[in-house]
Amino acid sequence: MKKLSVLVAASLLSAGSWAADIVKNVDVVVVGSGASGLAAAVEAQEAGLKTVLLEKMPSIGGSALYIEGTFAVETDHQKSMYVGLDRDWAYKNHMEFNHGFINGPLIRRWINNSANSIEWMEDHGVTFHDVRTLFTDGYRTWHIFKDGKGVEFVNQMAKSFKDAGGTILTETPGTEIIYKGGKVTGIMAEDGEGETYQFNTKGGVVVASGGFINNSEMLEKYGIRADYAIVGPKSGRDGDSLKWFDEVGARYEGMSTHLAIGAWLSGKDPNTQLSMPEHTTVYSQLASLLRQPYMWVASDGKRFIDESQAPLWYNTGPAVERVGGSYFAVFDDNLKDYMMNEGIDISHSDWVRVGHKLDLLEEGIEVGQKEGYLYVSNTIEGLAKKMGVDPVAFKKTVEDNNRYAQNGLDEEFPKDRKYVRPISKPPYFAVKGDNATLITLGGPTTNTEMQVLRQKDMKPVEGLYVVGCEVGGVYGDSYNLTLEGMASSFAINSGRFASQHIAQKLGKK
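This section reports on the structure supplied with the text. (Residues numbered from 1 in each chain as written. Predicted model: local features only at pLDDT ≥ 70, side-chain atom pairs only at ≥ 80, totals over all residues. Heavy atoms only, no water.)

**Topic: a negative patch on the surface**
Item 1. A cluster of acidic residues, Asp-76, Glu-119, Glu-122 and Asp-123, forms a negative patch on the protein surface.
Item 2. Looking at the negative patch element by element, the count peaks at three residues for helix H4 (residues 104–123). (Patch = residues over 30% accessible without salt bridge, like charges linked within 9 Å, V, L, I, M, F, W, Y side chains within 5 Å. Areas by Shrake-Rupley, 256 points an atom, 1.4 Å probe, with all protein chains shown as cover. Salt bridge = Lys/Arg side-chain N within 4 Å of Asp/Glu carboxyl O. Lys, Arg positive; Asp, Glu negative; His and termini not counted. Charge placed at Lys NZ, Arg CZ, Asp CG, Glu CD. Helix = DSSP H or I, 4+ residues; strand = E, 2+ residues; numbered from the N terminus.)

**With respect to the packing of helix H3 (residues 87–97) against H4**
Item 1. Where H3 contacts H4, the two axes come as close as 10 Å, and the packing angle between them is 140°. When you trace H3 past H4, the crossing you get is right-handed. Together, Arg-87, Asp-88, Ala-90, Tyr-91, His-94 and Met-95 of H3 and Gly-104, Ile-107, Arg-108, Trp-110, Ile-111 and Asn-112 of H4 make up the contact between the two elements.
Item 2. A breakdown of the residues in the contact of H3 with H4 according to their chemical character gives six nonpolar, three polar and three charged. (Axes fitted to C-alpha atoms, helices over the stretch in contact; angles between N-to-C directions. Left-handed = near helix turned anticlockwise from the far one by under 90°. Contact = heavy atoms within 4.5 Å. Nonpolar A, V, L, I, M, F, W, Y, C, P; charged D, E, K, R; others polar.)

**Brief notes about the packing of aromatic side chains**
Item 1. Counted according to the given criterion, the structure contains 15 aromatic pairs.
Item 2. Summarising the aromatic geometry, the rings of Trp-110 and Phe-490 are spaced 5.1 Å apart at their centres and angled 75° between planes, so their arrangement reads as edge-to-face. Of this pair, Trp-110 sits in helix H4 while Phe-490 sits in helix H14 (residues 486–505); the two residues are 380 residues apart in sequence, bridging distant segments of the chain. For the pair shown, Trp-110 and Phe-490 are each scored as buried.
Item 3. Clustering of aromatic rings is evident, with ring pairs tying together Phe-71, Trp-110 and Phe-490.
Item 4. Seen from the ring of Phe-497, Arg-109 lies directly overhead, with NZ or CZ sitting 3.9 Å from the centre.
Item 5. Positioned above the aromatic ring of Tyr-228 is the side chain of Arg-225, whose terminal nitrogen or guanidinium carbon lies 6.0 Å from the ring centre. (Phe/Tyr/Trp six-rings, centres within 6.5 Å; stacked < 30°, edge-to-face > 60°. Buried < 20%, exposed > 50% of the residue type's maximum accessible area, 1.4 Å probe, protein only. Lys NZ or Arg CZ within 6 Å of the ring centre and 35° of its normal.)

**What about the pairing of strand E7 (residues 174–180)?**
Item 1. Two strands pair when backbone bridges link them, and E7 and strand E8 (residues 183–190) are joined in this way by six bridges, in the antiparallel orientation. Considered in E8, the bridge of Glu-176 is made with Met-188. (Pairing = 2+ DSSP bridges.)

**Here's the deal with the packing of helix H12 (residues 380–387) against helix H13 (residues 391–407)**
Item 1. Contact geometry of H12 with H13 gives a least axis separation of 9 Å together with a crossing angle of 125°. When the axis of H12 is compared with that of H13, the two are oblique. Helix-helix and strand crossings are classified by hand; for H12 and H13 the assignment is right-handed. The residues of H13 that touch H12, namely those facing Ile-380, Glu-381, Leu-383, Ala-384 and Met-387, are Pro-391, Phe-394, Lys-395 and Val-398.
Item 2. Of the residues contributing to the contact of H12 with H13, the split by class is seven nonpolar, no polar and two charged. (Parallel < 35°, antiparallel > 145°, perpendicular 65-115°, else oblique.)

**Some details on the side chain of Asn-113**
Item 1. Relative to the elements of secondary structure, Asn-113 occurs in helix H4.
Item 2. Side-chain polar atoms of Asn-113 contact the side chain of Asn-493, separated by 2.9 Å.
Item 3. If we skip the residues at most four places from it in the chain, Asn-113 touches Asn-493, Arg-496 and Phe-497. (Polar contact = N/O pair within 3.5 Å; in protein donor to acceptor, adjacent residues only side chain to side chain.)

**Some words on the pattern of salt bridges**
Item 1. Enumeration over the complete set of coordinates arrives at 29 salt bridges.
Item 2. A salt bridge links Arg-225 to Glu-321; the shortest N-O distance between them is 3.3 Å. In this pair, Arg-225 sits in the loop between helix H6 (216–221) and strand E10 (229–230) while Glu-321 sits in helix H9 (residues 313–322), placing the two residues 96 residues apart along the sequence.
Item 3. On the accessibility criterion, Arg-225 (28% relative accessible area) is partly exposed.
Item 4. The salt bridge partner of Glu-462 is Lys-505, with a shortest N-O separation of 3.1 Å. Separated by 43 residues along the polypeptide, Glu-462 in strand E19 (residues 460–466) and Lys-505 in helix H14 bring together distant segments of the chain.

**Things to note about H3**
An α-helical turn contains 3.6 residues, so a residue and the one three or four places further along point in the same direction.
Item 1. Among the residues making up H3, those that are buried are Ala-90, Asn-93, His-94 and Met-95.
Item 2. Looking at the buried side of H3, the elements it contacts are strand E3 (69–71), H4 and H14.
Item 3. At the N-terminal end of H3, a side-chain oxygen is found 3.3 Å from the backbone nitrogen of Asp-88, two or three residues along, and the residue is Asp-86.
Item 4. Of the residues one or two after H3, His-99 is the one with positive phi, at around 55°.

Structure follows, in structure tokens:
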């Protein structure tokens, strides 16, 4: 039995118990230890609320370990860089991007609070080393964590929570909410040793369990391809909480929305293709080839998009989806030398930045051929055969591309002429990429306090909160990449909102 460090040691079955081995009375239970769950737990415990954080997996962090940075506007960091983006502009941007199909009051509260949460994280030992953008002349809203990873955030949040007296139980998933009389009054859980818990909550249950990206049946049910490559944890994030939301009659929004995150080396785990920008790897450099804006072809050997759209995953993802979910990025020996000696033109997120010289590309070409997603030939016809595409169509695509390069005009797509490069010097190369996704972005509708709303009357379910990527109404049909770092920012802010409401309700703030 795991030790509960801040709860009364003795535990007896009480009247009305749901037949648990251990019964505890607490103020708050947070389910899930990703960015939203950790923020909720710290906010609650530091407000003086007895808080237990349940985590299904053996270790904490979830998707938060894979985030590079977080969105905010009007921060001291931005002001010091003369970045004048403000809250009103950001709110209008997000509303217009999503055509109004989102929860305006909640979005407004989140964006208005985003700078405060940067300060709050810094007060808890989290450091930011830059404010960046993926785009030329893009909006600098992306506050990059130390080392470009969420590891420090996770560690500092966990430390703050435990220092304040909070309890973390790993390998202890929530199994069933205690719902009676129209209210959620607690949650059942079971640890890895089979011991069961009943947590009676005075303030509420905050659900932060990370969506359902690893549940193929749910993906198919809600119209998301189940064969996407998955960035992030491959276990957990399997929709355990949806049965709880169904039980209370929750209203759902955006269940088919997910954070598509571009294409990655075909058949290879995307997690192997991440790196720190100062320490890139063979695989992160190979993955960056799929972002370069030169020539992309589908399985029919033909182009299908303006390749300079590469950083805009919300455009390239659907375009790749339309041609089967995969494509080939094609380049020649001249472009290979250019990327090795001059650097890449489009970043691979913050893992391999614009201008980075692919010093490991020669090694990568050997690795990619052995692993089966990179093809090399001294002829266009030979390359087409290795790729498995129509050689006649592919040869015409290359010839057309070379004519466009010579004339300085892409006749098929309005691509910036600086990216219209010839494919003319052997050997020729092609890298195959598959679409990938990170998280689902739909779930119950909430109010601005993160209380779950019922379908029948749009009123809150007392005692039940949902935060992070499981909240509906934050995005329309796609993730707004123009305001970079939004998913982690909403997770952190929504977690804080839920606990602030519970604290206020219980007279702690």
